[in-house]
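The primary structure of each chain is shown beneath.
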Amino acid sequence: MDNVLVFAPHPDDDIIGCGGSIAHHIEIGDRVAIVYMTSGESGSLKYSSQELGSIREEEARQAAAALGVTQLFYLRYPDGYLEYSKAALDDVVSLIRQLKPTRVYLPHENEAVPDHYITFRLAAEGIRRAAGTWFQASGLKPWQVSIVLGYEIWTPLSAVGFSQDISSYINLKLEALRMHRTQVEFIAYDRAVEGLNRYRGVMTGHGQHCECFQLIRAAL
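Residue numbering note: each chain is counted from 1, following its sequence as written. Local features in this predicted model are restricted to residues whose pLDDT is 70 or higher, and side-chain atom pairs enter the listing and the counts only when it is 80 or higher, whereas totals over whole chains, interfaces and linings include all residues. Only hydrogens and water are set aside; all other atoms, that is, all heavy atoms of the structure, feed into the side-chain values.

*Asks:* Explain the overall build of the protein here, please?
*Replies:* Secondary structure is summarised from DSSP: a helix means a run of H or I of at least four residues, a strand means a run of E of at least two, and numbering begins at the N terminus for each. Regarding its fold elements, the protein presents seven helices and seven strands. When the helices and strands of the protein are placed in sequence order, the string is β-α-β-α-β-α-β-α-β-β-α-α-α-β. What the globule rule says is 2.2 Å times the number of residues to the power 0.38, and the radius of gyration is computed from C-alpha atoms. Scaling as 2.2 N^0.38, a compact globule of 220 residues should have a C-alpha radius of gyration of about 17 Å, and the protein matches this with 16 Å. Dimensions of the protein along its principal axes, counting C-alpha atoms only, are 45 × 45 × 30 Å. Contact definition: two residues touch when any of their heavy atoms are within 4.5 Å. For the protein, restricting intrachain contacts to residue pairs at least 6 apart in sequence, the fraction spanning at least 24 positions comes to 80%.

*Asks:* Can you help me understand the pattern of salt bridges in this one?
*Replies:* Any two side chains of opposite charge can pair, on the condition that their charged atoms come close. Any Lys or Arg side-chain nitrogen located within 4 Å of an Asp or Glu carboxyl oxygen qualifies as a salt bridge. Within this structure, the stated rule accounts for eleven salt bridges. Between Arg-56 and Asp-12 there is a salt bridge, and its shortest N-O distance comes to 3.4 Å. Placement of the pair is Arg-56 in helix H2 (residues 49-67) and Asp-12 in the loop between strand E1 (3-8) and helix H1 (13-27), with a sequence separation of 44 residues. The residues Arg-56 and Asp-12 share a single accessibility class, namely buried. In this structure, Lys-46 and Glu-185 form a salt bridge, with 3.5 Å as the shortest nitrogen-oxygen distance. With Lys-46 in the loop between strand E2 (31-38) and H2 and Glu-185 in the loop between helix H6 (181-184) and helix H7 (189-204), this residue pair connects regions lying 139 residues apart in the sequence. Throughout, exposure labels follow a simple rule: accessible area from a 1.4 Å probe, protein chains only, divided by the maximum for the residue type, with under 20% read as buried, over 50% as exposed, and the rest as partly exposed. With a relative accessible area of 52%, Lys-46 lands in the exposed category. Take Glu-185: its relative accessible area is 40%, and that puts it in the partly exposed class. Each of Glu-125, Arg-128 and Arg-129 takes part in one network of salt bridges that share partners.

Pasting the structure below:
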C-alpha cells in the first residue's frame, strides 16, 4: 500500500495534474493526503480575496471527497505571491516527516506559473531535507520518499518519464474538476485537461486517457 502525498499550488491544480491518479490510488486502497500551498484567493475578480479563499477551500473539499480523499492541509500562503521561504520550507518538511509518504506528486520543474514553480522548489527541497538528520525546527524523525512525480498543470511536459492510464477515472476526474465552480465558470479547464489527457493517451499508447509525469525519483 502506497502512502501518497500531493502538493498543489492552488485548489484545482491537484485535480488537473493528477486527479485520475489520485482516484486510482484510492480505488486500490492507498492512502492519499493533499497539501494546498495557497487557497487560490486571487483566482477571480468576482469575489473578495477573503471570500474567495473560503469558497475555494470548500470547493477543494468537495472535489477531493468525490475522489475519496478526506485528509487535506491548507497552508494559506498568499496566492500569486508564494515565496521560497524558511516558513514554507519548514512546513513542507514537517508534513513529510509527519505523514511519511512513499510517493509524492508535485508540479513539474518547468511549470511557467510562478506559484507552480515555487511549489516544485519547496516540495523538492523539502523531500531532500526531510530525509536528513538536520533541521530541528521541522521536528520528528527523518523520512525518505521513494517515488517523486512531477505533474502537468499549465505547462505541458516536453519529456515524459512516467504515464498512468486514467481511462477508468476520466469522468470522475472531470466531475471533481467541475466542482471548482469559481474557476471553470470563466476558463474551461475541464475541456482543456480532457483534451490533454486524451492526447497523452493517444501518444503514449497506454490508454484512452493518460496522465503524464516527470519522473523525479524512482523507488530506491
